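The lines below spell out each chain.
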Amino acid sequence: MRTLIAGNWKMNGLKASLVEIQAMVDGIGEGKAEVDALICPPATLIAAAVDLASGSALQIGGQNCHAGMSGAHTGDVSAAMLKDAGASHIILGHSERRTDHGELSAEIKDRVLAVFDAGLTPIVCIGESLSDREAGLTEKVVLGQLEASLPREAADKSFVVAYEPIWAIGTGHTATPDQIGEVHKAIRGALATRFGEAGKSAPILYGGSMKPGNAAEILAVEDVNGGLIGGASLKAADFLAIYEAAL
Ligand code: PEP
C-alpha cells in the first residue's frame, strides 16, 4: 500500500505562506515511488497552491465542505468548489470541527457522500478524548465514529481514515507506537469486515503531534499507512523531513 503524508494547515496561511508550498514542490519534485504528499491549506490558498504544485507530485486538498454542491448556505464551501479549485482530497470530521462546530458523525457521513459525488477522496478523522481513553472506551469510541461517519457507498470508492487521538493533537503528546498500533489494527479489522477489499486498501493515517523526530518510528508501526500532520506541516523543512522519513 502507498504511504500518504498529508499536511493540515488548519486556519493558518496567507499569500506569503505560499513560499512554503513552493519549497515543498521543489523538495518533492516528481515524487518517490510508494509515497504520496498532500497539503491542505485554507480554501483561500488552494487555487494558488495548485498552480505552484502543478507538474510536481505534491497534491493539494481542502478542509471540510458542505454536504450540498451549491445553494443558499452563506459562508460554506462545497466539494464541487474545492474540486474546481484543484483539490484532490477533503479532510472531514476533524476533532476541531466536531468540538468547535458540534459536527456529528451523521453529518460527516453526508459530506463524505458529497466528496464521493465530486470525485474527490475524503480523509475521515476519528479519535478519542483523554477521558474516553482513561475510561477504557478508546476502541468503542473510535470504531463508533468510524461506523457512523462512513457511508456504505465507501465500499467501491477510495477513501482515507485518519486516527487522531484528541489528546495528542497540537499538544506535543504523541501516542506511543503500541497505542497507535492497537487502534490502527482495530480500525483495519473493522474496515475489512465492513468494506472488503476497499476496507483493506484504504490508507489509515496517524495524526497527533507527528514531527520529524518521531515520524520514522510512527510510520514503522503496523497498519500505519501515513500521517496527518498539523503544526509540523506549516514549514516546508519539517514537512519534507517527515516525507523523507516515509521513504
Ligand atoms: C491535526 O490537526 O490533524 C494534527 C495532527 O495536528 P498536530 O500535528 O499539530 O498535532
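Residues numbered from 1 in each chain as written. Predicted model: local features only at pLDDT ≥ 70, side-chain atom pairs only at ≥ 80, totals over all residues. Heavy atoms only, no water.

Trainee: Just to check I follow, could you spell out the pairing of strand β8 (residues 204-207) for this structure?
Mentor: For a regular strand, side chains alternate in direction, first toward one face of the sheet and then toward the other. Of the two faces of β8, the one holding Ile 204 and Tyr 206 and the one holding Leu 205 and Gly 207 are both buried throughout. Note: strand β7 (residues 160-163) against β8, 3 bridges, orientation parallel. Each residue of the ladder has a partner; that of Ala 162, found in β8, is Leu 205. Here β8 pairs with strand β9 (residues 226-229) via 2 bridges, running parallel. Opposite Gly 207, over in β9, you have Leu 228 as the bridge partner. (Buried < 20%, exposed > 50% of the residue type's maximum accessible area, 1.4 Å probe, protein only. Helix = DSSP H or I, 4+ residues; strand = E, 2+ residues; numbered from the N terminus. Pairing = 2+ DSSP bridges.)

Trainee: Sorry, what's going on with the site of the ligand here?
Mentor: Close contacts around the ligand come from 14 residues, with Lys 10, His 94, Glu 164, Gly 170 and Ser 209 the closest. Here Lys 10 contributes a side-chain N or O atom positioned 2.6 Å from an oxygen atom of the ligand. For the ligand, the accessible surface in isolation is 300 Å², of which the surrounding protein chains cover 95%. Across the shell around the ligand, the residue classes tally to 4 nonpolar, 8 polar and 2 charged. (Near = heavy atom within 4 Å. Polar contact = N/O pair within 3.5 Å; in protein donor to acceptor, adjacent residues only side chain to side chain. Areas by Shrake-Rupley, 256 points an atom, 1.4 Å probe, with all protein chains shown as cover. Nonpolar A, V, L, I, M, F, W, Y, C, P; charged D, E, K, R; others polar.)

Trainee: Looking at this model, I keep getting lost on the packing of helix α5 (residues 105-118) against helix α7 (residues 138-149). Mind explaining?
Mentor: The angle between the axes and the distance between the axes are what describe a pair of packed helices. Look at α5 against α7: their axes get within 7 Å of each other, and the N-to-C directions meet at 45°. What the angle tells us is that α5 and α7 run oblique. Note on element contacts: α7 touches α5 through Gln 145, Glu 147, Ala 148 and Ser 149, opposite Ser 105, Ala 106, Ile 108, Lys 109 and Val 112. Here the residues of the contact of α5 with α7 sort into 4 nonpolar, 3 polar and 2 charged. (Axes fitted to C-alpha atoms, helices over the stretch in contact; angles between N-to-C directions. Parallel < 35°, antiparallel > 145°, perpendicular 65-115°, else oblique. Contact = heavy atoms within 4.5 Å.)

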